[in-house]
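This is what each chain is made of:
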Amino acid sequence: MLSSIYIKNFAIIDEIEIDFHENMSVLTGETGAGKSILIDAINVVLGNKKTNKILRNEHIDTEIICHFNVSNKNILGILKEKDLNDDKSCIFRRKINTKNTSKIYINDKPVTSSTAKLIGNLIIDIHGQHENQLILSSDEQRNRLDNFINISEKKKKIKDILIEIKNISKSLSEIALTNEEYNEKVSLLEYEVNELENEALDHDDYEKVYQDYKKLSNADILIKKINESKNLIESDNSININSLLSDVNKNLEDIRNIDENSDDLLDTNISIQEQLRNLFKILEKYENSINIDNEKLTFLNEKILSLNNLSRKYNVNEKNLINILYEKQDLLNDLKKNKENIENKNKKIEENLLNYHLIAKEISKIRIKQSLLLEKKISSELKKLGMSDCQFKISIASDKTLISNNGYDKIVFLIKTNKKSKLLPLSEIASGGELSRLSLVIQLETRSNNDCETMIFDEIDTGIGGATSEVLGNHLSKLSEKTQVLCVTHLAQIAAKSNHHYLVSKDKNISSTKLTYLDNDMKINELARMIGGIKLTDKTLQFAKELID
């Protein structure tokens, strides 16, 4: 609710500050005193009015501050989402400098006019001759009908379904491929895996292949070196290692005959001769093991060439090709699992869409049925407010292909205000007073806890009087039980129904508007003035008391 307003240097207002209260408050005063200017100031601070030519004194900045106490959870959620939350307090402030440059703040944080409008339109609903009233929007008309038929639980289910579809679709977009892309990727990976499975070797196998190739490709050299070594050890020539060691042995025997302590020398030489004979046998055995297998050599050569080519292709060492194989196998398995996952997710989306359509159909049926009841109620109440020839109609156009948080239906409120006119959308109604009264009736029939907490009615009493004005006053009073109501009125019958009364007057000395809160006696005098003019009489005062009673 609007708890206070401060206005400085705006139109015909020098400076005023006033507190407002719950339930119903009225603003009265003579024509030209500035009652509607207060509404203009509120519109300006909410970003709904242009700021051209609103400065009273061109040498002083203009400032407007509106302090709201907010309990609506939806509004508090939006304030928190936009980092504007300050508990349940919401302060709008607009400052316009002498160059007509303006800034809007919410809880002392600068915001754009669009943000101010968004939040402001949720907090307060202003009904005036020239205002873009909330009830004119198709979204608000749908919300009014939905409040009346109470389908919030079904709408919540739809919202939850669409959130889940959105989340699944988002995860799909991160992993999904077209069928063509998927088939191409799988085909390539399967080819690469097959290629690597046929060629790649683990580290031990690779070493064996490499060593076998090296041995076979150098078999001639190995045999040559073995034969040379054998000839050096033992050959038909007189000079070889074995014959030389025999000569050494003879010399060592002669030494031992002279020196008995030289046995170790002879034993060592004998041991060397024995090792040399063993070496000769080992060389023969190794020579016999070398099998010149040209077919195997060709195979090994091709294997190593293939490994070399693959290593260049995948830019790794031949020994690491096996790791590339494991990576490709994992990718291929993940891709195949992904397809299964994608199919499951798409199936889940289809199931959610099926549930959405079932609930959306139910909502449409309920809307169509209950709209007839709401039409009758609103038409009946409008007749009580002097709109006897008025006909109210709710148009529901259903598009069963539409996917939205609100289901299939586009809701349009239609009205004709006299017998000769046609049913037209509310936005085409010329009379601000008629539209305000219609909005009041709609609010009374369709109010919910999620609605705005302050409603302002300006010129709602245009063109009515007598008993009709008393009915209108009763309606406003009834509405104020559910929301704060501020009403600018010229009719005593309406003002008498208020819980709080403010007199808007002009200080003739400075030609500036001022606001005065009226106690009970002052309220009686003001009602008497509204009934009988400037001169108060016992009759008008008595009538004023009766209206209040």
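No experiment lies behind these values; they were computed from the predicted model shown. (Residues numbered from 1 in each chain as written. Predicted model: local features only at pLDDT ≥ 70, side-chain atom pairs only at ≥ 80, totals over all residues. Heavy atoms only, no water.)

**Re the overall build of the protein chain**
Looking only at helices and strands, one finds 17 helices and 15 strands in the protein chain. The C-alpha radius of gyration computed for the protein chain amounts to 49 Å, which surpasses the reference 24 Å derived for 549 residues by more than 25%, pointing to a less compact arrangement than a globule. In terms of overall dimensions, the protein chain has C-alpha extents of about 170 × 55 × 40 Å along its principal axes. Each of the 549 residues in the protein chain was classed as buried or not, and the buried ones make up 42%. Long-range contacts, defined as pairs at least 24 residues apart, comprise 70% of the intrachain contacts of the protein chain with a sequence gap of at least 6. Taken as a whole, the protein chain presents about 30900 Å² of accessible surface, with 48% of it coming from carbon and sulfur. Once the 78 positive and 86 negative side-chain charges of the protein chain are each reduced to a mean point, those two points are 14 Å apart. (Helix = DSSP H or I, 4+ residues; strand = E, 2+ residues; numbered from the N terminus. Rg over C-alpha atoms; globule rule 2.2 N^0.38 Å. Buried < 20%, exposed > 50% of the residue type's maximum accessible area, 1.4 Å probe, protein only. Contact = heavy atoms within 4.5 Å. Areas by Shrake-Rupley, 256 points an atom, 1.4 Å probe, with all protein chains shown as cover. Lys, Arg positive; Asp, Glu negative; His and termini not counted. Charge placed at Lys NZ, Arg CZ, Asp CG, Glu CD.)

**Focus: the sheet that holds strand 13 (residues 484–488)**
With mixed pairing, six strands are arranged side by side in an open sheet as 8-12-13-3-14-15. One side of each edge strand has no neighbouring strand; the edge strands of this open sheet are strand 8 (124–127) and strand 15 (512–517). Strand-to-strand, the axes of this sheet are offset by a mean angle of 15°, without reference to chain direction. Bridge analysis of strand 8 against strand 12 (residues 454–458) gives four bridges, and the strand direction is parallel. Paired with Asp125 across the two strands is Met455, which belongs to strand 12. (Pairing = 2+ DSSP bridges. Axes fitted to C-alpha atoms, helices over the stretch in contact; angles between N-to-C directions.)

**Quick look at the packing of aromatic side chains**
Throughout the structure, instances matching the rule amount to five aromatic pairs. Taking the centre distance of 6.1 Å and the plane angle of 85° together, the rings of Tyr356 and Tyr408 count as edge-to-face. Placement of Tyr356 in helix 12 (residues 321–384) and of Tyr408 in the loop between strand 9 (391–398) and strand 10 (409–416) is noted, with a sequence separation of 52 residues between them. We note that Tyr356, like Tyr408, is buried. Three or more aromatic residues joined by ring pairs form one cluster here, namely Phe20, Tyr502 and Tyr517. The residue whose ring lies beneath Arg93 is Tyr105, and the NZ or CZ to ring-centre distance is 4.3 Å. (Phe/Tyr/Trp six-rings, centres within 6.5 Å; stacked < 30°, edge-to-face > 60°. Lys NZ or Arg CZ within 6 Å of the ring centre and 35° of its normal.)

**A closer look at the pattern of salt bridges**
For the structure shown, the criterion picks out 19 salt bridges. Notably, a salt bridge pairs Lys303 with Glu199, separated by 3.3 Å at the nearest N-O pair. Remark: Glu199 occurs in helix 6 (residues 179–199) and Lys303 occurs in helix 11 (residues 294–314); sequence separation between them is 104 residues. Look at Lys303 and you get buried, because its relative accessible area is 13%. Each of the salt bridges in this network shares a partner with another, and the network as a whole consists of Asp146, Lys155, Arg367 and Asp409. (Salt bridge = Lys/Arg side-chain N within 4 Å of Asp/Glu carboxyl O.)

**Side note on the side chain of Arg142**
The topology assignment puts Arg142 in helix 4 (residues 138–149). Among residues more than four places away in sequence, those in contact with Arg142 are Lys155, Arg367, Asn406, Asp409 and Ile411.

**Comments concerning the sheet that holds strand 4 (residues 62–69)**
Backbone hydrogen bonds are what pair the strands of a sheet, in a parallel or an antiparallel way. In spatial order, the strands read 2-1-4-5-6-7; together these six strands make up an open sheet with antiparallel pairing. Each edge of the open sheet carries a strand with a single partner, namely strand 2 (13–19) and strand 7 (109–111). The average undirected angle you get between the axes of adjacent strands in this sheet is 15°. On top of the sheet, helix 3 (residues 113–123) reaches strand 4, strand 5 (89–96), strand 6 (102–106) and strand 7; it is set at about 135° to strand 5, its chief contact.

**Focus: unusual backbone geometry**
Although it is not a glycine, Asn23 sits at a positive phi angle of roughly 65°. Located in the positive-phi region is Asn150, a residue other than glycine, with phi close to 55°. Along the polypeptide, Asn150 turns up in the loop between helix 4 and helix 5 (152–175).

**Quick notes on the side chain of Ser262**
Inspection of the secondary structure assignment puts Ser262 in the loop between helix 9 (241–258) and helix 10 (263–289). Apart from the residues lying within four places of it in its own chain, the contact partners of Ser262 are Ile255 and Arg256.

**Some points on the packing of helix 16 (residues 520–532) against helix 17 (residues 538–548)**
Orientation of helix 16 relative to helix 17, taken along the N-to-C sense of each, is 115°, at an axis distance of 8 Å. The way helix 16 lies across helix 17 gives a crossing that is right-handed. Within the contact between the two elements, helix 16 uses Asn520, Lys523, Ile524, Asn525, Leu527, Ala528, Ile531 and Gly532 and helix 17 uses Thr540, Leu541, Phe543, Ala544, Lys545, Leu547 and Ile548. Looking at the contact of helix 16 with helix 17 residue by residue, the class counts come to nine nonpolar, four polar and two charged. (Left-handed = near helix turned anticlockwise from the far one by under 90°. Nonpolar A, V, L, I, M, F, W, Y, C, P; charged D, E, K, R; others polar.)

**Some thoughts on the nonpolar core**
Judged by nonpolar contacts, the single largest core of 60 residues is most densely connected at Leu382, Leu438, Phe457 and Leu476. The element that contributes the greatest number of residues to this core is helix 12, accounting for nine residues. When residues no more than four places from it in sequence are discounted, the contact partners of Leu476 are Met24, Leu440, Phe457, Ile460, Val485, Cys487 and Ile494. Counting 43 residues, the second-largest nonpolar core is a separate cluster that includes Ile18, Ile39, Ile104 and Ile456. (Core = buried A, V, L, I, M, F, W, Y, C linked by side-chain atoms within 4.5 Å.)

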